[in-house]
Amino acid sequence: MNIHEYQAKHLLAQHGVAVPPGETSDTPAAARQIAGQLLANGATRLAVKSQIHAGGRGKGKFKSGFQGGVKLCTTADQAEEYAQAMLGNVLVTKQTGPDGRLVRKLLVALAPNIQTELYVAVLLDRATSCPVMMASTEGGMDIEEVAAKTPEKIIKERIDPTLGMMPYQGRKIGRGLGLSGDLISQGTKLLLGVYQTWWDCDASLVEINPLCIVLTREGKQALLAVDAKMSLDDNALYRHPNLQALRDLGEEAPLEIEASKYNLNYIKLDGNIACLVNGAGLAMATMDIIQHYGGRPANFLDVGGGASHDQVTAAFKIILQDRNVKGILVNIFGGIMDCNVIATGIVAAVKETGLKLPLVVRLEGNNVEAGKKTLRQSGLTITSGDSMADAAQKVANAVLPR
């Protein structure tokens, strides 16, 4: 689950990470009021930032023609003007795709006097099954680009999950980032806070880009997390009711929201062959083999290891709401799953939805013969696949233009 920048900053601040002061607004008048308060408290420059679940906001463009989802200003009047141009309008960035995202909320915050931009992130290193903190002096840039062109500029520090991040590791990363003097102690505290945020929130990613060395009003250097991105592990959210409350349904695709009500893992893609599969690995392989035989997968849909009759019916209804779908491939390997439960659910779903599209079903494993019998005796037009390859080829042939 992704959360907004302002939410990520709030969680980071709770763990001792320094962030610029600011508040959210959903009206131009509120943006003006917040800006006025910040200016009265000594701020000389402000940032008005669109809050959407996508990067590249500063370089984005609104469908209204207004340029930039992040704007700097020096007066409350300007903040209100920018808020008027952003709120209620659709912002298109390189990460949103052409449809863009509707801006419903803004963050109005102090814009500090930035001297240097750095990069810091915590994520799981799946090769070692350990958390890893990544840092770079190339803040403000896409880390993928840095990794491709100048990998030597990326610092990686693996963390023992049984011990947590140690202060010496924070100092080591700080020196690698070129910090010195008082910034070393500031940096160590901040980096430990970033890691603890990742750990305590069961996050899959915490990214601060940029982490900035700024000049305070007193002329001293300080570290501030000027931007922040967080992704939370869906599988751990049951342990965090407070984090579940941060979910913004307005930022999610309607079909994905509907799927989550039935504990289905669904991601819409741009193809025309829908997949209904049990298990994430099998679902990935199914999409690959559809592509191999000339088809294009329309979705990733994992019904899990123990799907019920109701979940299968719900999955079909969700699939059929995608107008691009021209055929459906069901690929089930019954381990825990009873193939006959799936078959019964398929028959009920086809009857209930009045399905007219080509449907290919491949069943294998637990109680498979009973499942195949249920499909044969249904009286419905359901094509059986003898193997994964056979099923993928049949559904691809059924939807390919003749």
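Now for a description of the structure that goes with this document. Bear in mind that the values here come from a model prediction, so they are computed numbers and not experimental data.

Digging into the overall build of the protein chain
So, step 1. Along the backbone of the protein chain there are 13 helices and 20 strands.
So, step 2. Of all 402 residues assigned to the protein chain, the portion counted as buried reaches 48%.
So, step 3. In the protein chain, 69% of the contacts between residues at least 6 apart in sequence involve partners at least 24 apart.
So, step 4. Working note: accessible area of the protein chain is about 19100 Å², and carbon and sulfur atoms make up 50% of it.
So, step 5. For the protein chain, the separation between the mean place of its 41 positive charges and that of its 40 negative charges on side chains is 3 Å.

Observations regarding the nonpolar core
So, step 1. In terms of nonpolar packing, the biggest core is built from 37 residues, with I3, V120, M133, L179, V194, M230 and L232 touching the most fellow members.
So, step 2. The set of elements that each furnish at least two residues to this core consists of α1 (5–14), β9 (113–125), β10 (130–136), α6 (182–200), β12 (203–215), β13 (221–225) and β14 (229–232).
So, step 3. Residue contacts for V194: discarding those within four places in its chain leaves L12, V17, V120, V122, M133, V206 and I208.
So, step 4. Of all hydrophobic cores here, the second largest spans 34 residues; its members include V303, F316, I328 and V330.

Some thoughts on the sheet that holds strand β6 (residues 90–92)
So, step 1. Spatial strand order, β4-β6-β7: three strands in an open sheet with antiparallel pairing. Each edge of the open sheet is held by one strand with a lone partner, namely β4 (61–62) and β7 (101–102).
So, step 2. Of the pairings in the sheet, the one linking β6 to β7 comprises two bridges and is antiparallel in character. Among the inter-strand pairings, L91 is bridged to a residue of β7, identified as R101.

A short note on unusual backbone geometry
So, step 1. Residue P210 is reached from N209 by a cis peptide bond, and omega for that bond is 10°.
So, step 2. Inspection of the secondary structure puts P210 in strand β12.
So, step 3. If you check the backbone angles, N263 has positive phi at about 60° while not being a glycine.
So, step 4. Positionally, N263 belongs in the loop between α8 (254–261) and β15 (265–268).
So, step 5. Residue class for N263 comes out exposed when judged on its relative accessible area of 64%.
So, step 6. The phi torsion at N367 lies on the positive side, around 60°, for a residue other than glycine.

Examining the packing of aromatic side chains
So, step 1. In this structure the tally under the stated criterion is five aromatic pairs.
So, step 2. Consider the rings of F62 and F66, whose centres lie 5.9 Å apart with planes at 50°: the pair is tilted.
So, step 3. Considering the side-chain rings of W198 and W199, the 6.4 Å spacing of their centres and the 40° angle between planes classify their relative orientation as tilted.
So, step 4. Taking relative accessible area as the criterion, W198 reaches 8% and is therefore assigned buried.
So, step 5. Residue W199 is classed as partly exposed on the basis of its relative accessible area of 38%.
So, step 6. Aromatic rings pair up to connect F62, F66 and Y82 into one cluster.
So, step 7. Geometry around F66 places K71 over its ring, the cationic atom sitting 5.3 Å from the centre.

Observations concerning helix α5 (residues 167–176)
So, step 1. Among the residues of α5, Q169, G170, I173 and G174 are the ones counted as buried. Taken around the axis of α5, the buried residues stretch over an arc of 140°, which confines them to a single face.
So, step 2. Those residues of α5 that are buried lie in contact with β10, β11 (154–158) and α6.
So, step 3. One or two residues past the end of α5 sits G178, with phi positive at roughly 85°.

Here we look at helix α2 (residues 28–40)
So, step 1. Between the first and last C-alpha of α2 there are 18 Å, a value that for 13 residues agrees with the 18 Å anticipated at 1.5 Å per step.
So, step 2. Within the sequence span of α2, burial applies to P28, A31, I34, A35 and L38. Seen from one end, α2 has its buried residues packed into an arc of 120°, which puts them on one side. In α2, those exposed residues whose orientation departs by more than 90 degrees from the buried face are Q33 and A40.
So, step 3. Packing partners of the buried residues in α2 comprise β2 (22–25), β3 (46–50), α3 (76–86) and β8 (106–110).
So, step 4. Positive phi shows up at G42, right after α2, with a value of about 110°.

Topic: the pairing of β9
So, step 1. The sheet contact formed by β9 and β12 spans nine bridges and is antiparallel. Residue pairing in the sheet places L118 in a bridge with L211 of β12.
So, step 2. Strand direction decides the pairing type here: β9 and β10, joined by seven bridges, are antiparallel. Paired with D125 across the bridge in β10 is C130.
So, step 3. In this structure, the hairpin formed by β9 and β10 is closed by a connection of four residues, where S129 is found at a positive phi of approximately 55°.

Here's the deal with the packing of helix α10 (residues 309–320) against helix α11 (residues 339–353)
So, step 1. Across the interface, α10 lies against α11 with an axial gap of 8 Å and an inter-helix angle of 45°. Our classification of the angle between α10 and α11 gives oblique. Helix-helix and strand crossings are classified by hand; for α10 and α11 the assignment is right-handed. Seen from α10, the contacting residues are H309, V312, T313, F316, K317 and L320; seen from α11, they are V341, I342, T344, G345, I346, A348, A349, V350, E352 and T353.

How each quantity is defined
- Residues numbered from 1 in each chain as written.
- Predicted model: local features only at pLDDT ≥ 70, side-chain atom pairs only at ≥ 80, totals over all residues.
- Heavy atoms only, no water.
- Helix = DSSP H or I, 4+ residues; strand = E, 2+ residues; numbered from the N terminus.
- Buried < 20%, exposed > 50% of the residue type's maximum accessible area, 1.4 Å probe, protein only.
- Contact = heavy atoms within 4.5 Å.
- Areas by Shrake-Rupley, 256 points an atom, 1.4 Å probe, with all protein chains shown as cover.
- Lys, Arg positive; Asp, Glu negative; His and termini not counted.
- Charge placed at Lys NZ, Arg CZ, Asp CG, Glu CD.
- Core = buried A, V, L, I, M, F, W, Y, C linked by side-chain atoms within 4.5 Å.
- Pairing = 2+ DSSP bridges.
- Phe/Tyr/Trp six-rings, centres within 6.5 Å; stacked < 30°, edge-to-face > 60°.
- Lys NZ or Arg CZ within 6 Å of the ring centre and 35° of its normal.
- Arc of directions from axis to C-beta.
- Expected span 1.5 Å × (residues − 1).
- Axes fitted to C-alpha atoms, helices over the stretch in contact; angles between N-to-C directions.
- Parallel < 35°, antiparallel > 145°, perpendicular 65-115°, else oblique.
- Left-handed = near helix turned anticlockwise from the far one by under 90°.

Everything listed here is a matter of geometry and, on its own, says nothing about what the molecule does.
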